[in-house]
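Single-letter residue listing:
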Amino acid sequence: MPNFKSIDNVDGSGKRVVIRLDLNVPIENGKVTDATRIERVVPTLRELLDKKAAVIVLAHFDRPKGKVVPEMSLKPVAPALQSGLGRPVKFIFTDWQSAPTVSAKPGECMLMENTRYHAGEEKNDAGFAKTLASLGDIFVNDAFSAAHRAHSSTEGIAHLIPAYAGRAMEAELRALEQALEKPKRPLIAVVGGAKVSSKLELLGNLSGLANTIVIGGGMANTFLAAQGYPVGKSLCEHDLLPIAKEIIATAKSKGCTLLLPTDVVVAKEFKANSPSRNIKIADVAADDMILDAGTDTVTRINAAFDAAKTIVWNGPLGAFEHTPFDKATVACARHVAKLTKSGRLASIAGGGDTVSALNHAGVAGDFTYISTAGGAFLEWLEGKPLPGVKALERT
Ligand code: AMP
């Protein structure tokens, strides 16, 4: 856990606060269609404005690759930020070629144009970081989801003026600490999703930390094949069988139990409502596709959850977008939600499709913490230091 300073330490009065937010929100026809990311940062903004700081918001939008691309302007985000905040937000266009003049008064909030309009942003260019730092007296980072990238507005700037973690960043860091650094044990990691290849580092790191790893989704097929079970036409990375065997051996040597399916739901076609059967893993036929964990497996997973104190969840247990292959994900997620609500465990989930899978199960609100930061959450699970977080450390 980085030893960062929170905004408790900020005396805002008369100060210009440059704050980095993640405002990369979905926009259709010039309107923000999902304001979740905005809602998460409103408490920090309100707190700073209440402290009579002049708040200057930095954010990126999409990937304009160092050029002014009008379709990637942050302008349409200003009204959504304003209505979320319930206070005026002034949008300031700049192409960032020279330091813009910003005259924000105490208690005023300004949203600056897309930082990625400048080619230096993604290169963590020192000159551009200086331009950004010149806009404020102090820097607050409330964009955990952008913290895995060392950019001028996430990393470089934090070395130039005093840097603090905003409330959303703080909540994320505390949740992740609870999950992986000081977890109450037993700690169970649920790793699902499509492919082993995208989760190799994550599995490597978690096998040294978790007491049990539940492996589900398409990636479980590669593990089953590595153990000599038939997987038919299922999604399976046959070239990764040696790696899967290595992961099984490493987990064993580290005392981490891998919980793999013992029964599965198969169909002949990968589409919704395709006729399906719940069968033992040894009985998968050559033209079968494994699309979900079976009912016995769900019972075993939920029994493991009953004994757990902490659960970290990344990735669905099956092809949850297509009924009935959502059953294992829904049943296990609901069980975690129930145990969390009764105070028996802490549950932290995030990354990739996890949030939509938990929303689908109707339990996202019942987990202890849901991270909406895809890449940064995964890199944290992989055990990698996040440059934007490291730069907030007290020296
Ligand atoms: P990821 O982005 O790696 O978390 O993978 C999520 C995707 O994996 C979802 O779109 C699921 O539909 C897919 N998935 C999960 N289980 C299976 C499976 N058994 N076969 C094919 N796709 C799957």
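In case you missed it, the structure is sitting above this.
So, how was this worked out
Residues numbered from 1 in each chain as written. Predicted model: local features only at pLDDT ≥ 70, side-chain atom pairs only at ≥ 80, totals over all residues. Heavy atoms only, no water. Patch = residues over 30% accessible without salt bridge, like charges linked within 9 Å, V, L, I, M, F, W, Y side chains within 5 Å. Areas by Shrake-Rupley, 256 points an atom, 1.4 Å probe, with all protein chains shown as cover. Salt bridge = Lys/Arg side-chain N within 4 Å of Asp/Glu carboxyl O. Lys, Arg positive; Asp, Glu negative; His and termini not counted. Charge placed at Lys NZ, Arg CZ, Asp CG, Glu CD. Helix = DSSP H or I, 4+ residues; strand = E, 2+ residues; numbered from the N terminus. Buried < 20%, exposed > 50% of the residue type's maximum accessible area, 1.4 Å probe, protein only. Arc of directions from axis to C-beta. Contact = heavy atoms within 4.5 Å. Axes fitted to C-alpha atoms, helices over the stretch in contact; angles between N-to-C directions. Parallel < 35°, antiparallel > 145°, perpendicular 65-115°, else oblique. Left-handed = near helix turned anticlockwise from the far one by under 90°. Nonpolar A, V, L, I, M, F, W, Y, C, P; charged D, E, K, R; others polar.

Caption draft 1: Structural context of a positive patch on the surface. Positive charge collects at one region of the surface, where Arg-63, Lys-65, Lys-67 and Arg-149 lie side by side. If you trace the backbone, Lys-67 turns up in the loop between β4 (54–58) and α2 (77–85).

Caption draft 2: Focus on the pattern of salt bridges. Summed over the entire model, instances satisfying the criterion amount to 19 salt bridges. Note that Asp-137 and Arg-16 form a salt bridge whose closest N and O atoms lie 3.4 Å from each other. Taken together, the residues span a long stretch of sequence, with Asp-137 in the loop between α3 (126–133) and β7 (138–141) and Arg-16 in strand β1 (residues 16–20) at a distance of 121 residues. Residue Glu-177 is joined to Lys-182 by a salt bridge in which the shortest nitrogen-to-oxygen separation is 3.2 Å. By relative accessible area, Glu-177 is classed as buried at 14%. What you see here is one network of salt bridges that share partners, running through Asp-8, Glu-47, Arg-167, Glu-170 and Arg-174.

Caption draft 3: Broad picture of α2. Of all the positions in α2, only Val-77, Ala-78, Ala-80, Leu-81 and Leu-85 are classed as buried. Burial along α2 is one-sided: seen end-on, the buried residues are contained in an arc of 165°. Of the exposed residues in α2, those oriented more than 90 degrees away from the buried face are Pro-79 and Ser-83. The inward-facing, buried residues of α2 abut β2 (27–28), β3 (31–32), α1 (36–50), β5 (89–92) and β6 (109–112). Looking one or two residues beyond α2, the residue adopting positive phi is Gly-86, at roughly 75°.

Caption draft 4: Local environment of the packing of α1 against α2. Here α1 crosses α2 at 65°, and the two axes come no closer than 9 Å. The angle between the axes of α1 and α2 places the two elements in the roughly perpendicular class. By crossing handedness, the relation of α1 to α2 is classed as right-handed. Judged by residue contacts, Ile-38, Val-42, Leu-45, Arg-46 and Leu-49 of α1 engage Val-77, Ala-80, Leu-81, Gly-84 and Leu-85 from α2. When its residues are assigned to classes, the contact of α1 with α2 shows eight nonpolar, one polar and one charged.

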